[in-house]
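One letter stands for each residue in the lines below.
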Amino acid sequence: MKLEKQSSNKSFDGWHHQVGHRSEVLDCDMRFAIYLPPGAAKDAPVPVLYWLSGLTCTDENFMQKAGAQRLAAELGVAMVAPDTSPRGDGVADDDSYDLGKGAGFYVNATEAPWRDHYRMYDYVVEELPALVEANFPVTDKRSIAGHSMGGHGALMIALRNPGRYVSVSAFSPICHPVSCPWGQKAFGAYLGSDESRWREYDASLLMQDAEALVPALVDQGNADDFLDTQLEPEALESAANARDYPLELRRHDGYDHSYYFIATFVGDHLNFHARHLKSG
């Protein structure tokens, strides 16, 4: 599949690229960002951290706001950030910010009109890594992380695919989407009224039944405006305790839902993933 580099910027002696391509899974044109640390080469490939962003975001938010490139360069870890949904004139959308473009929720939609394009689960798990590994100097050793809706996506994807990821982390994730307004709205639209389908995309429910254990780190700000109504970290913590799952869930006084929070603790997450990406 042909890739088109749309922009390139040198950063901490590595390179940040925005890359366009035609997605067969989503049936539309897509763009992702990749940061390659210095020294990444065909004869010296590096492991990859995939980052999934939250509602209304694109590939740009994390790469421009998190300040992660300096440490990624030192650690020798590539970072890949896809968009949050399919895009284009022929792609279904909604007037609200939490459904449609910018709000794919990393599921495979089964309901009209969404099912024609909204297959973000398959895109993130299968198509995107195959493209990255075929075209850039990276290995198939992967970790995954995300924020908010992307935190939901990262946790859910790692729990469903423990053989594909060595670690997972999240900032302010939607931990129990089957019981919160954001999740109920998206899952009802994308997956239909059969709530048994929703369970397949709920991190707290998946963690209860997890057979393989992927080390997990979650950070949550106690001043987050969405904490009481949308995020439910206590559900994830309860599931981890019941399953004896290797989850470290940290709460931070004064921090909100913004990239100021992410930038403060992103170094901890990069170091966490690097330990697992470079072990064994």
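One can find the structure itself at the top, above this paragraph.
Residues numbered from 1 in each chain as written. Predicted model: local features only at pLDDT ≥ 70, side-chain atom pairs only at ≥ 80, totals over all residues. Heavy atoms only, no water.

Re empty space enclosed by the protein
Empty pockets left among the atoms are what a rolling probe the size of a water molecule brings to light.
Turning to step 1, where the next piece is worked out: Scanning all chains against the criterion turns up 2 cavities of 30 Å³ or more.
Turning to step 2, where the next piece is worked out: Reported here for the largest cavity is a volume of approximately 40 Å³.
Turning to step 3, where the next piece is worked out: If you trace the largest cavity, you find it lined by L49, W51, F62, A145, S169, F171, V266, H269 and L270.
Turning to step 4, where the next piece is worked out: Those elements that place two or more of their residues in the lining of the largest cavity are β4 (46-52), β7 (168-171) and α10 (259-277).
Turning to step 5, where the next piece is worked out: Per-element tally for the lining of the largest cavity: the top contributor is α10, with 3 residues.
Turning to step 6, where the next piece is worked out: Residue classes in the lining of the largest cavity are distributed as 7 nonpolar, 2 polar and no charged. (1 Å grid on protein atoms, 1.4 Å probe; cavity = no way out; pocket = protein on both sides within 12 Å on 5 of 7 lines; lining within 4 Å. Points joined across faces, edges and corners; volume = space filled by probe spheres on them. Helix = DSSP H or I, 4+ residues; strand = E, 2+ residues; numbered from the N terminus. Nonpolar A, V, L, I, M, F, W, Y, C, P; charged D, E, K, R; others polar.)

Examining the nonpolar core
Turning to step 1, where the next piece is worked out: One finds F105, I144 and Y190 to be the most contacted residues of the largest nonpolar core, which totals 71 residues.
Turning to step 2, where the next piece is worked out: Excluding its chain neighbours within four sequence positions, the residues that come into contact with Y190 are L99, G100, A103, G104, F105, V107, A109, T110, E111, W114 and Y118.
Turning to step 3, where the next piece is worked out: The next biggest cluster of nonpolar side chains, apart from the first, holds 25 residues, and it includes A68, Y259, V266 and A274. (Core = buried A, V, L, I, M, F, W, Y, C linked by side-chain atoms within 4.5 Å. Buried < 20%, exposed > 50% of the residue type's maximum accessible area, 1.4 Å probe, protein only. Contact = heavy atoms within 4.5 Å.)

As for the packing of aromatic side chains
Turning to step 1, where the next piece is worked out: One pass over the structure, following the stated rule, counts 15 aromatic pairs.
Turning to step 2, where the next piece is worked out: Summarising the aromatic geometry, the rings of W182 and F226 are spaced 4.8 Å apart at their centres and angled 45° between planes, so their arrangement reads as tilted. With W182 in helix α5 (residues 181-191) and F226 in the loop between β8 (216-221) and α8 (227-231), this pair connects stretches of sequence that are 44 residues apart.
Turning to step 3, where the next piece is worked out: The exposure class assigned to W182 is buried, which follows from its relative accessible area of 3%. (Phe/Tyr/Trp six-rings, centres within 6.5 Å; stacked < 30°, edge-to-face > 60°.)

Notes on the side chain of H21
Turning to step 1, where the next piece is worked out: Here H21 lies in strand β2 (residues 14-23).
Turning to step 2, where the next piece is worked out: The class of H21 is buried, set by a relative accessible area of 4%.
Turning to step 3, where the next piece is worked out: A polar atom in the side chain of H21 sits 2.9 Å from the side chain of Y123.
Turning to step 4, where the next piece is worked out: Sequence-distant contacts of H21, defined by excluding residues within four places in its chain, comprise M1, K2, L3, C28, D29, M30, F32, Y123 and L131. (Polar contact = N/O pair within 3.5 Å; in protein donor to acceptor, adjacent residues only side chain to side chain.)

Describing helix α4 (residues 149-160)
Turning to step 1, where the next piece is worked out: An ideal rise of 1.5 Å per residue puts 16 Å on 12 residues; α4 measures up with 16 Å between its terminal C-alpha atoms.
Turning to step 2, where the next piece is worked out: The element α4 is largely enclosed, with a buried count of 11 among its 12 residues.
Turning to step 3, where the next piece is worked out: Where α4 is concerned, the buried positions are M149, G150, G151, H152, G153, A154, L155, M156, I157, A158 and L159. (Expected span 1.5 Å × (residues − 1).)

A closer look at the sheet that holds β2
Turning to step 1, where the next piece is worked out: Across the sheet, which stays open at both edges, the 9 strands sit in the order β1-β2-β3-β5-β4-β6-β7-β8-β9 with mixed pairing between neighbours. Lying at the two open borders of the sheet, with one neighbouring strand each, are β1 (3-11) and β9 (247-252). Averaged over neighbouring strand pairs, the angle between their axes works out to 20° when direction is ignored.
Turning to step 2, where the next piece is worked out: Across the sheet, α4 touches β4, β6 (138-147), β7 and β8, and the angle it forms with β6 is around 135°.
Turning to step 3, where the next piece is worked out: Lying over the sheet, helix α9 (residues 233-243) contacts β8 and β9, oriented at roughly 150° with respect to β9. (Pairing = 2+ DSSP bridges. Axes fitted to C-alpha atoms, helices over the stretch in contact; angles between N-to-C directions.)

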